[in-house]
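So the chains spell out like this:
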Amino acid sequence: MNTIMSENKPQPIGRMLLKDVRIAFAQGIFEASVVGTDPTAKPRFGASFLVPPDHPQLKEIEAKIKAVAEEKWKAKAGPMLAAIQKKDRTCLHDGDDKPQYDGYAGNMYVTANAQESTPPTVLNQDRTMFEAKKGHKRIYSGARVNANIEIWAQDNAFGQRVNATLRGVQFYRDADSFSAASAAAGSEFEEVTDGNDAEDFT
């Protein structure tokens, strides 16, 4: 009975599986690091996922952002979200603003993070857990992946945003590797101060 109830439990409205997108700064799914210059900041996992303008899920991402905003701010959602988007404080960004990074120009990208205590699940193509051993392809920047994320709205003393929690990443297929010449800058990620913990990839 408990199993059936669990299977029928409604999923959070912001949860989605990004399919066949390229990952940037992939090292962030394996190692938690501190973002920014705040001495009190805690390490977290994170990566960016490149979404071309013709990707079939781009409108779904935009709809999820709108849905979580409406859930959070009700009647005020419209003007609140417009103000947040004007300040580029959602998880969906314009890659043309980051031309210094491989693959960004001409694409949109989603930033997603996870707390150090709840690292994202990393899977192989066959959905087995990733292990660093022969025959398992390490996910690298530029590879095509499926990414399980949960979009959510933040409204607290640190401000209003629409963020994305990174729940898991699955290797999908090979693609050209991005340059590894530089590490991710703090501006590549969102300042997450409150919200959902990352959960198991499902």
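Quantities reported herein were computed from a predicted structural model and do not represent experimental measurements. (Residues numbered from 1 in each chain as written. Predicted model: local features only at pLDDT ≥ 70, side-chain atom pairs only at ≥ 80, totals over all residues. Heavy atoms only, no water.)

### Let's talk about the side chain of Asn-148
Selection criterion: Comment: elements are numbered from the N terminus, with helices defined as DSSP H or I runs of at least four residues and strands as E runs of at least two. Only protein chains enter the calculation, and the probe is 1.4 Å; a residue is then buried if its accessible area is under 20% of its type maximum, exposed if over 50%, and partly exposed in between.
Tracing the backbone through its elements, the reader meets Asn-148 in strand S6 (residues 144-156). What makes Asn-148 buried here is its relative accessible area of 4%.

### Overview of the packing of aromatic side chains
Here is the rule: To pair, rings of Phe, Tyr and Trp, with the six-membered ring standing in for Trp, must have centres within 6.5 Å; the planes then decide the type, stacked if under 30 degrees apart, edge-to-face if over 60, and tilted in the middle.
All told, the structure shown has 5 aromatic pairs when counted by the stated rule. When the ring of Tyr-101 is compared with that of Tyr-104, the centres are 5.6 Å apart and the planes differ by 50°; the resulting orientation is tilted. Judged by its relative accessible area of 12%, Tyr-101 is buried. The structure contains a cluster of three or more aromatic residues connected by ring pairs, namely Phe-25, Tyr-101, Tyr-104 and Tyr-109.

### Quick word on unusual backbone geometry
With phi around 55°, Phe-25 is a residue other than glycine that occupies positive phi space. Relative to the helices and strands, Phe-25 is located in the loop between strand S1 (15-24) and strand S2 (44-51). With a phi angle near 55°, Asp-88 is a residue other than glycine that sits in the positive phi range. Along the polypeptide, Asp-88 turns up in the loop between helix H3 (77-86) and strand S3 (92-94).

### Observations concerning the pattern of salt bridges
Here is the rule we go by: Should a side-chain nitrogen of Lys or Arg be within 4 Å of a carboxyl oxygen of Asp or Glu, the pair is scored as a salt bridge.
Enumeration according to the criterion identifies 3 salt bridges in this entry. In this structure, Arg-144 engages Asp-20 in a salt bridge whose closest nitrogen and oxygen atoms are separated by 2.5 Å. Taken together, the residues Arg-144 in strand S6 and Asp-20 in strand S1 connect sequence positions 124 residues apart. Across the salt bridge formed by Arg-173 and Asp-20, the nearest N and O atoms sit 3.6 Å from each other. Taken as a pair, Arg-173 in strand S7 (residues 159-173) and Asp-20 in strand S1 lie far apart in primary sequence, 153 residues in all. The exposure class assigned to Arg-173 is partly exposed, which follows from its relative accessible area of 38%. Connected through salt bridges with shared partners, the residues Asp-20, Arg-144 and Arg-173 form a single ionic network.

### Some details on the environment of Met-108
Counted only if it meets this: Note on definitions: a residue-residue contact is assigned when non-hydrogen atoms from the two residues lie within 4.5 Å.
Structurally, the position occupied by Met-108 is in strand S4 (residues 108-115). Owing to a relative accessible area of 23%, Met-108 belongs among the partly exposed residues under this scheme. Beyond its immediate chain neighbours, meaning those up to four positions away, Met-108 contacts Phe-49, Leu-50, Val-51, Leu-58, Leu-92, His-93, Asp-94 and Gly-95.

### Thoughts on the environment of Lys-64
What counts here: Counted as a polar contact is a pair of N or O atoms within 3.5 Å, where, for protein atoms, one must be capable of donating a hydrogen and the other of accepting one, and residues adjacent in sequence contribute only when both atoms are in side chains.
Residue placement: Lys-64 occurs in helix H2 (residues 58-73). It is 5.4 Å that separates the C-alpha atoms of Lys-64 and Gly-14, two residues lying 50 residues apart in sequence. In this structure Lys-64 touches Ile-13, Gly-14, Arg-15, Met-16 and Ile-151, once residues within four positions along its chain are discounted. At a separation of 3.0 Å, a polar atom in the side chain of Lys-64 contacts the main-chain carbonyl oxygen of Ile-13.

### Observations concerning the pairing of S1
As a reminder, the rule being used: Note on pairing: two strands pair once DSSP finds at least 2 bridges between them.
Bridge count between S1 and S6: 6 bridges; the pairing is antiparallel. Across the sheet, the residue bridging to Met-16 is Ile-149, located in S6. With 3 bridges joining them, S1 and S2 adopt antiparallel strand pairing. Considered in S2, the bridge of Ala-24 is made with Ser-48.

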